[in-house]
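Residue-level structural notes
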Amino acid sequence: MTIIVTGGAGFIGSNFIFYMLKEHPGYRLVCLDKLTYAGNLSTLESVLGRDDFRFVRADICDREAVERLFAEEKPDMVVNFAAESHVDRSIENPGIFLETNILGTSVLMDACRKYGVQRYHQVSTDEVYGDLPLDRPDLFFTEETPLHTSSPYSSSKAGADLLVLAYCRTYGLPVTISRCSNNYGPYHFPEKLIPLMIANALANKPLPVYGEGLNVRDWLYVEDHCRAIDLIIHKGRVGEVYNVGGHNEKQNIEIVKIICRELDRSEELIVHVEDRKGHDRRYAIDPAKIHRELGWLPETKFEDGIKKTVRWYLDNQKWWQEIISGEYQQYYEKMYGGI
Ligand code: NAD
Ligand code: DAU
């Protein structure tokens, strides 16, 4: 079994590669990644020399490079994590989100058709459903919830999802889609809420909470997401969408306070800053379908997962210090320069 994993030098893709190499001895994992600002080859250091792993630097929008790799590897499956993934960056610069997230997806699927790939899996997001009101805790996103996006990022992901389903219906491409809630864990890029707050708290820097901090996200430990995708690509029904989430809703302000407690920092570091434009209020996944059909349930409780994550950032400072000392400084200055 050969699986091409795109975006495998990023947060979830790298965790997926480690998970699959551990769970499926004998599988060959080929990582195709452009190494944008969000991709780090150092993340894959521990597997780079292995016979059952190959890294190729390429852009999923580059048809020639993608086809060359498919011709060489003749993959059985493709799992597409490659994307521009940060909502705030999509608000500043939507164009690259449309290119990578939509056009890149179509280039990959064209190659899958040409080389007779048995399964194309699209890693999508709960953000395609838009948001839920804060005063209706009884409402959840199901696979039937209409797509109703808020940001250029989520719109590009929804566009890709529609294209994936169209390739299935029109060309009979064997596809599956997973729509997961917010992940956390090792190798999470420091522009995102949890790692940003850990890095800032450790440096005793202000903790920038957008607006009042009452927006709700549904957090899932990254390995639970990887296990869900593993189940879907092997046992999921072709043409189907599976929501992935663990009923673990938290307000942003709660998350930041938990991190302060874990790191023994004062909550006085918290600073309320200007709200994100179009800020989604609440995400909450109903994972009944993946539980019913594939037996998936999350294994890591948030209380344990956040402790493990904080520990990981303490033990792996070199990894994230290198990232935040480079071009990331300019991004940070632009986003948070005022505090
Ligand atoms: P990330 O930003 O950490 O990593 C993205 C990776 O894709 C990077 O390694 C980057 O170099 C690579 N990449 C970007 N553009 C590329 C291109 N044109 N060609 C090849 N490689 C390219 O993202 P992540 O948080 O790991 O998210 C991975 C996927 O999961 C995304 O599709 C995202 O939409 C989805 N997702 C993320 C979350 C989350 O909480 N992070 C939740 C649900 C779904
Ligand atoms: O729900 C899945 C999505 O989760 C994925 O599709 C995206 O790729 C991923 O980035 C994530 O999107 P969010 O926008 O929810 O994640 P982010 O970490 O950027 O923000 C989480 C919440 O925290 C959100 O309500 C905005 C808020 N926030 C974020 C940052 C970076 C702050 O209050 N301050 C900050 O500095």
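1. Side note on the packing of aromatic side chains
On inspection of all chains with the given rule, the structure shows 19 aromatic pairs. An angle of 80° between the planes, with centres 5.4 Å apart, marks the rings of tyrosine 187 and tryptophan 319 as edge-to-face. Of this pair, tyrosine 187 sits in the loop between strand S7 (183–184) and helix H6 (193–202) while tryptophan 319 sits in helix H11 (residues 317–325); the two residues are 132 residues apart in sequence, bridging distant segments of the chain. Judged by relative accessible area, which is 18%, tyrosine 187 ranks as buried. Taking the centre distance of 5.9 Å and the plane angle of 80° together, the rings of phenylalanine 189 and tyrosine 328 count as edge-to-face. One end of the pair, phenylalanine 189, is in the loop between S7 and H6; the other, tyrosine 328, is in helix H12 (residues 328–336), with 139 residues separating them in the sequence.

2. A few points about the side chain of asparagine 40
Relative to the elements of secondary structure, asparagine 40 occurs in the loop between strand S2 (28–33) and strand S3 (53–57). The class for asparagine 40 is buried, based on a relative accessible area of 17%. Leave out the neighbours within four places in its chain, and asparagine 40 touches Ala9, Leu35, Phe189, Trp319 and Ile323.

3. Quick notes on the site of ligand 2
Residues in close proximity to ligand 2 total 22 residues, the closest being Asp126, Tyr153, Arg276, His279 and Tyr336. A distance of 2.7 Å is found between an oxygen atom of ligand 2 and a side-chain nitrogen or oxygen belonging to threonine 125. Here an oxygen atom of ligand 2 sits 2.8 Å away from a polar atom, N or O, in the main chain of leucine 193. Looking at the shell around ligand 2, the element that brings in the most residues is strand S8 (residues 207–210), giving three residues. Tallied by class, residues from the shell around ligand 2 come to nine nonpolar, seven polar and six charged.

About the criteria used
Residues numbered from 1 in each chain as written. Chains lettered and ligands numbered in written order. Predicted model: local features only at pLDDT ≥ 70, side-chain atom pairs only at ≥ 80, totals over all residues. Heavy atoms only, no water. Phe/Tyr/Trp six-rings, centres within 6.5 Å; stacked < 30°, edge-to-face > 60°. Helix = DSSP H or I, 4+ residues; strand = E, 2+ residues; numbered from the N terminus. Buried < 20%, exposed > 50% of the residue type's maximum accessible area, 1.4 Å probe, protein only. Contact = heavy atoms within 4.5 Å. Near = heavy atom within 4 Å. Polar contact = N/O pair within 3.5 Å; in protein donor to acceptor, adjacent residues only side chain to side chain. Nonpolar A, V, L, I, M, F, W, Y, C, P; charged D, E, K, R; others polar.

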